[in-house]
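Listed below, chain by chain, are the residues.
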Amino acid sequence: MIKHWLMWGLFAVLSVAALISSLGTAFQTLPLNPDMAEMALIYQGIVHHGWRFPFTWRFNQDNQFLSLLPFALIFYALVGVSGASIVIQGWLIFVVNAMLSGLVVKTVTRSWMWGYLAWLIALLAGPMAIGQPGILAYPVSHNAVWMFGLIGIIALLRYIIDKPRWAFPTMLVCVFTGTVSDPWFQAAYTLPIIFLLWKAPALFSRDKSDFRIAIKWIVAAYVVGRITYFIFADFNIFSQQSISFASPSIMLKHLILLTKGIGTYLCLYPLPTNFISLVVWFIFIFSVLVVFCFAIIYRKLLPASFIIVILFAFYSSALMSILFVVTNFATGGWAIEYLINIFYLFILSLLAIAYVFESMNFSARIFTRASVIAYLVLSMTLIVNGDFRFSPNWGETKKVVYFLVKNHLYFGYGSYFGAQSPLFALASDGAITGRHIGSNMGLPIIQMGNGDKGFWYSDPSKETTPQFIIFSKADSELISITKKYIGPPNRVIYFLNYTIFIYDRNLLPHLLANRWLSNNRWRQMNIERNVKGINKVCRSLNINPLPIEHAYIEFAH
């Protein structure tokens, strides 16, 4: 009894330490940027403009509209918006997913101790996995929708094993929510459970009719989710989804990035620099390979629930890895976040196998323990050697807003990442209103990945004061077209690596007019491209293209 309570006491102490270290790592490794603040900006928009605001926002494909936004709005309503609360919001997603990973393992093993071990291992992710480029604790990422993936795995396990009433409806909710919120979810969860349910009758010697009906309902939930997505996209709230495939040379680069990405999540990349860590690194890789080889050899002895977890992990990880390599989504180091599911599924699979071998095979038990211990040693080495902080990292944004206030500049515009203009209100406690502009079709326009209506860009209480446009060093193109289409500024001042144009007039009418002109240019460009296509097709069919071209041009205008 004493040993039992001592063990739980040790786990409690380790949990608190892991929570504190992961929060300190999140603050240290995630400098604030406008993407991180998206949910906070939407909350502020609702506060100032009402519930119409989210429906004027232009979300990316991975919009997290259902998977994250409702929870984020409640969070910011309770704690308020600040730099710290933005980082904590992302960290809480990471903590919740670590907890759900523990619940998956508990469901499989029926042991709280093993579930707790999964929670602890997930929390002890390395700094590069929590921060950049892995962004497990990022406020807006695939990790948000993966909450529904982990919940869906629990529901899948229970549906196949003992079919409680709540399990199947929960799976349908997860599929619908994930389909609307993030196309990534289709490969990470929806397709793998369809594969698994299709194979289930043969794997578990069960009647196939129930599983076929389940697949039909899941496909129906997916279709309803896709229709919902297309409706939002048609109203310009979500971005249109598209996919393109990489060339063979690019695929090779993606394969290298895939290896680095998985290595980042499993504390294998970058390579250790000291001898002891390198030895542990080799022990970890060798032990993991041996463990999974044992799992294949003894697969017929594994209980059904363990097979479900391992097969799901294989389908999800393999499908995501293939798409990562063959498509054009992985355009840089940031794309490692597409592999978030592999981080969690590795933990689930390893512990599921370890639990079985603890009571079955002495040789396998040695390697499972070695792999878990080696992973913890590698991750804790990275954590201990990393830095911690418990305040938001604003970069240069705080200095910029202090400078703007000092020069009595309270309303203006700037580039999204270069000048970080959407963060100005947060960094200045509301003293400065900063809005995002960018270039499109050679014009400086208001660009709302931050809402697309004029009311978001207007602030009557500040529009009589001088307005500014701030440019970073990388905004040379934006500087030149601003001079051309908005006019020369009344004054120019410089601060750090920023150039600030000051205008003694309201710039919004110019920016809105430029946006209208940009849309017209896009429309004209598309018309010309389509006319060329019509001409080419008609001539190949020996049809006079002129009537069809004229009819199309009339319709398009």
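Refer to the preceding data block for the structure.
Residues numbered from 1 in each chain as written. Predicted model: local features only at pLDDT ≥ 70, side-chain atom pairs only at ≥ 80, totals over all residues. Heavy atoms only, no water.

All right, on to a nonpolar patch on the surface then. Taken together, the side chains of Val 219, Val 223, Ile 227, Ile 231 and Phe 235 define a hydrophobic patch exposed on the protein surface, amounting to about 460 Å² of accessible area. Among the secondary structure elements, Val 223 is positioned in helix α10 (residues 208-234). The exposure class of Val 223 is partly exposed, given its relative accessible area of 39%. (Patch = residues over 30% accessible without salt bridge, like charges linked within 9 Å, V, L, I, M, F, W, Y side chains within 5 Å. Areas by Shrake-Rupley, 256 points an atom, 1.4 Å probe, with all protein chains shown as cover. Salt bridge = Lys/Arg side-chain N within 4 Å of Asp/Glu carboxyl O. Helix = DSSP H or I, 4+ residues; strand = E, 2+ residues; numbered from the N terminus. Buried < 20%, exposed > 50% of the residue type's maximum accessible area, 1.4 Å probe, protein only.)

With that settled, the discussion passes to the packing of aromatic side chains. Within the structure shown, the criterion is met by 41 aromatic pairs. Their ring planes at 90 degrees and their centres at 5.9 Å tell us that Phe 59 and Phe 238 sit as a pair that is edge-to-face. Of the two residues, Phe 59 is situated in the loop between α2 (38-49) and α3 (69-79) and Phe 238 in the loop between α10 and α11 (248-265); the sequence distance between them amounts to 179 residues. We classify Phe 59 as buried; its relative accessible area is 0%. (Phe/Tyr/Trp six-rings, centres within 6.5 Å; stacked < 30°, edge-to-face > 60°.)

Our focus in this paragraph is helix α14 (residues 340-358). For α14, built from 19 residues, the straight-helix expectation of 27 Å at 1.5 Å per residue is met to within 8% by its first-to-last C-alpha distance of 28 Å. For α14, the buried fraction is high: 17 of the 19 residues fall into the buried class. (Expected span 1.5 Å × (residues − 1).)

So, about the packing of helix α1 (residues 2-29) against helix α4 (residues 83-109). Relative to each other, α1 and α4 sit at 130 degrees, their axes nearing to 10 Å. Relative to α4, the element α1 is oriented oblique. For α1 against α4, the interelement crossing comes out right-handed. Contact residues: α1 offers Leu 19, Ser 22, Leu 23, Ala 26 and Phe 27, while α4 offers Ala 84, Val 87, Ile 88, Trp 91, Phe 94 and Val 95. A breakdown of the residues in the contact of α1 with α4 according to their chemical character gives ten nonpolar, one polar and no charged. (Axes fitted to C-alpha atoms, helices over the stretch in contact; angles between N-to-C directions. Parallel < 35°, antiparallel > 145°, perpendicular 65-115°, else oblique. Left-handed = near helix turned anticlockwise from the far one by under 90°. Contact = heavy atoms within 4.5 Å. Nonpolar A, V, L, I, M, F, W, Y, C, P; charged D, E, K, R; others polar.)

As a further point, take the pattern of salt bridges. In the structure shown here, the tally under the stated rule is four salt bridges. The partner of Asp 210 in a salt bridge is Lys 163, and the shortest N-O contact between them spans 3.0 Å. Taken together, the residues span a long stretch of sequence, with Asp 210 in helix α10 and Lys 163 in the loop between α7 (142-161) and α8 (167-181) at a distance of 47 residues. Assessed through its relative accessible area of 32%, Lys 163 is described here as partly exposed. Between Asp 504 and Arg 491 there is a salt bridge whose closest N-O contact spans 3.5 Å.

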